[in-house]
Amino acid sequence: MNAASDKKNPANPDLMAVVTVEQLKKIDSLKNVPAEQLQWLIDQSECLQLEAGELLFKTGDPVKNTYVIIEGKLRLNFSQNGKTRILAEFESGSITGYLPFSRATVAIGNSECIKKSSIMVCTFEHIRQAISKHYELTEALVHIMTSRVRDFTALQQQNEKMIALGKLSASLAHELNNPAAAISRDADALIKHVQCYPKLFKQLVGISMKEENADMVNNKIFAVANRPGKQVLGMMERSAKEEELADWLADHQITNYDFAESLVEAGFIIDDLDELAQYIPADYFNQVMTWISNNILTEKMIMDIQEASRRISSLVGSVKNYTHMDRGSDKQFVDIHAGIRSTLIMLNHKLKKSNIEIVEDFDIDIPPVNALPGELNQVWTNIIDNAIDAMEINGKGILRIKTEQDCEFIKVTITDNGPGIPEVFKTQIFDPFFTTKEMGKGTGLGLDVVTRIVQQHKGSVRVNSIPANTEFIICFPLNSDA
């Protein structure tokens, strides 16, 4: 498919005879425009015919014409994440392309002809002439533009939310997968482990052992389990201790190496085993050590399941806090740190994947702020997500988040050590639909959303950026009654 602008003779002046003022009057947005102004528009235009499958314009083409669809149907598409999405459809009577006072400079998608179409084409130079010559025509075209901006903004805002939701959902799925897999793995192991108890019971019932010695064995196990100051062992240190205990067990006719692993995990040392050996008859030492190892393993698996369950509960709590699904839509006094930390948890997988270190410099004495917590979380999400994307090029990064009270304002500074924002873009990054990301990775509404939310809270947002140091500074009053 080729764009119409690539054709040598796209317009056929003779076809303009079929376009009349009466036809244009039937277009709802032009019905109140005086006939002489509509005739002027017809006189300045040419007619283009497209077959199904041809492009009127393509992504990146300069916006230089106004198009009135006389007959037929066109569709505006754009590509996102490898998929084609439909932005809008234009049927007979639709007006698109350049409109008075529009800030659009290039096409954001491909305009594809769906069925054979006749299109009236007027250059932007002539439309600019209409601004000074024809008030009613200009007013009608401006009204079309404002409606288009409103509809397109709503569509893109929804798209931005869906993109953010997709990112958060992916991150959350990864975060939930680890503890869920741990629970499943330990539960399966625990079932197999418990199935060994009948055999172990048969071994234990035949043991002849003094009651006071059995008490000493139980007390020793309890003392080791509750020994303060247990160290987290490295791989090499753990391996060395396991070898040491395995040698001791072998000297006492126990060759099951798994015993050494579980005993080191529980914190046993050689002195502990020497003490146990004093109370356990040599003939039954293997059976008792099997029972001790079994108890240690069972307890560890139960503790792992508890920890994984707590992790899932914490993640669910973070989601609940992030979305504030159990609260109303009114402003309330909230701790901003809770929202920031919930956002970091929601984005944790992406942070880990991009090898990004978080540095928190929080003033925990900041009083609660009167705000819409869900809206503030959108601010943190959009800025932090952009920072992660910016640092991705380095393969690693440092994200610093600082909070402080500045008189009657709260100031949050989010800093990344990415490549920085080019000077030419600094004045544009908060504009709607402006993005430095490649097509399909951003809609250019993230920072626009940030701006609107901060302004809704009577605050301000600004950016300072040099290579390796980009900081977004968000300020808003402690008690915003807006």
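For the structure itself, consult the block above.
Residues numbered from 1 in each chain as written. Predicted model: local features only at pLDDT ≥ 70, side-chain atom pairs only at ≥ 80, totals over all residues. Heavy atoms only, no water.

Student: Could you clarify how one ought to interpret the overall build of the protein in this entry?
Tutor: Along the protein, the regular secondary structure elements total 14 helices and 13 strands. Taking all 482 residues of the protein together, 41% fall into the buried category. Put simply, 77% of the contacts in the protein that link residues at least 6 apart link residues at least 24 apart. Carbon together with sulfur atoms contributes 53% to the accessible area of the protein, which is approximately 26100 Å² in total. (Helix = DSSP H or I, 4+ residues; strand = E, 2+ residues; numbered from the N terminus. Buried < 20%, exposed > 50% of the residue type's maximum accessible area, 1.4 Å probe, protein only. Contact = heavy atoms within 4.5 Å. Areas by Shrake-Rupley, 256 points an atom, 1.4 Å probe, with all protein chains shown as cover.)

Student: Help me understand the nonpolar core in this model?
Tutor: Nonpolar side chains tend toward joint burial in soluble globular proteins. With 37 residues, the main nonpolar core has Trp380, Ile384, Leu399, Ile401, Ile414 and Ile474 as its most contacted residues. Sequence-distant contacts of Ile401, defined by excluding residues within four places in its chain, comprise Ile340, Leu344, Val359, Glu360, Asp361, Phe362, Ile384, Val412, Thr413 and Ile414. With 25 residues, the next largest nonpolar core counts Leu245, Val264, Phe285 and Met289 among its residues. (Core = buried A, V, L, I, M, F, W, Y, C linked by side-chain atoms within 4.5 Å.)

Student: Looking at this structure, I do not really get unusual backbone geometry. What am I missing?
Tutor: With phi around 60°, Lys458 is a residue other than glycine that occupies positive phi space. Phi at Ala468 takes a positive value of approximately 75°, unusual for a residue other than glycine. Take Ala468: it is sitting in the loop between strand E12 (460-466) and strand E13 (469-477).

Student: Would you explain a negative patch on the surface in this entry?
Tutor: Negative charge collects at one region of the surface, where Glu243, Glu244, Asp247 and Asp251 lie side by side. Here Glu244 is to be found in helix H7 (residues 235-251). Given a relative accessible area of 43%, Glu244 falls into the partly exposed group. (Patch = residues over 30% accessible without salt bridge, like charges linked within 9 Å, V, L, I, M, F, W, Y side chains within 5 Å. Salt bridge = Lys/Arg side-chain N within 4 Å of Asp/Glu carboxyl O. Lys, Arg positive; Asp, Glu negative; His and termini not counted. Charge placed at Lys NZ, Arg CZ, Asp CG, Glu CD.)

Student: Please explain the environment of Ile207 as it appears in this structure.
Tutor: Within the secondary structure layout, Ile207 lies in the loop between helix H5 (197-205) and helix H6 (211-225). As for Ile207 and Ile280, which are separated by 73 residues in sequence, their C-alpha atoms are 9.9 Å apart. Residues contacting Ile207, with those up to four places away along its chain left out, are Tyr284, Gln287 and Val288.

Student: What should I look at first to understand the packing of aromatic side chains in this one?
Tutor: The geometry of two aromatic rings is summed up by the distance between their centres and the angle between their planes. All told, the structure shown has 3 aromatic pairs when counted by the stated rule. Taken together, a centroid distance of 5.8 Å and an interplanar angle of 65° make the contact between Tyr98 and Phe124 edge-to-face. In this pair, Tyr98 is assigned in the loop between strand E5 (95-97) and strand E6 (110-123) and Phe124 in helix H3 (residues 124-133), connecting sequence segments 26 residues apart. Arranged with centres 5.7 Å apart and planes meeting at 55°, the rings of Trp248 and Phe285 form a pair that is tilted. You can see Trp248 sitting in helix H7 and its partner Phe285 sitting in helix H10 (residues 285-323), a full 37 residues away along the chain. You can call Phe285 buried: its relative accessible area is 4%. (Phe/Tyr/Trp six-rings, centres within 6.5 Å; stacked < 30°, edge-to-face > 60°.)

Student: Whenever I open this one, the environment of Ser102 confuses me. Can you help?
Tutor: For Ser102, the location among the structural elements is in the loop between E5 and E6. Judged by relative accessible area, Ser102 falls into the buried class, the value being 18%. Between the alpha carbons of Ser102 and Val149 there is a distance of 9.3 Å; along the sequence they are 47 residues apart. Those residues within four positions of Ser102 in sequence are excluded, and the remaining contacts are Met145 and Arg148.

Student: Is there a simple way to think about the side chain of Ser354 in this case?
Tutor: Tracing the backbone through its elements, the reader meets Ser354 in the loop between helix H12 (348-353) and strand E8 (356-361). Residue class for Ser354 comes out buried when judged on its relative accessible area of 11%. Residues contacting Ser354, with those up to four places away along its chain left out, are Ile388, Gly395, Lys396 and Gly397.

Student: It is not clear to me how the pairing of strand E10 (residues 397-406) should be interpreted in this structure. Could you clarify?
Tutor: Along a regular strand, successive side chains alternate from one face of the sheet to the other. When E8 meets E10, the two strands line up parallel, connected through 6 bridges. Looking at E10, one finds that Glu357 is bridged to Ile398. Pairing of E10 with strand E11 (residues 409-416), which is carried by 8 bridges, proceeds in the antiparallel orientation. Paired with Gln405 across the two strands is Ile410, which belongs to E11. The antiparallel hairpin formed by E10 and E11 contains 2 residues in its connecting segment, where Cys407 sits at a positive phi of about 55°. (Pairing = 2+ DSSP bridges.)

Student: Explain the sheet that holds E12 here, please?
Tutor: Consider a sheet: its strands pair through backbone hydrogen bonds, and that pairing is either parallel or antiparallel. Read from one edge to the other, the open sheet built from 5 strands follows the order E8-E10-E11-E13-E12, with strand pairing classed as mixed. Strands with a single pairing partner mark the edges of an open sheet, and in this sheet they are E8 and E12. The mean angle between the axes of side-by-side strands here comes to 15°, regardless of whether they run parallel or antiparallel. The strands touched by helix H11 (residues 336-346) within the sheet are E8, E10, E11 and E13, with E10 carrying the most contacts at an inclination of about 170°. (Axes fitted to C-alpha atoms, helices over the stretch in contact; angles between N-to-C directions.)

Student: Would you mind going over the side chain of Ser465 with me for this structure?
Tutor: Examined against the element boundaries, Ser465 turns out to sit in strand E12. Overall, the relative accessible area of 7% leaves Ser465 in the buried class. Polar contacts involving the side chain of Ser465 include one to the main-chain amide nitrogen of Ile421, which spans 2.8 Å. Separated by 2.8 Å, the side chains of Ser465 and Thr470 make a polar contact. In contact with Ser465, other than residues within four places in its own chain, are Gly420, Ile421, Lys426 and Thr470. (Polar contact = N/O pair within 3.5 Å; in protein donor to acceptor, adjacent residues only side chain to side chain.)

These values are about where atoms sit, not about what they do.
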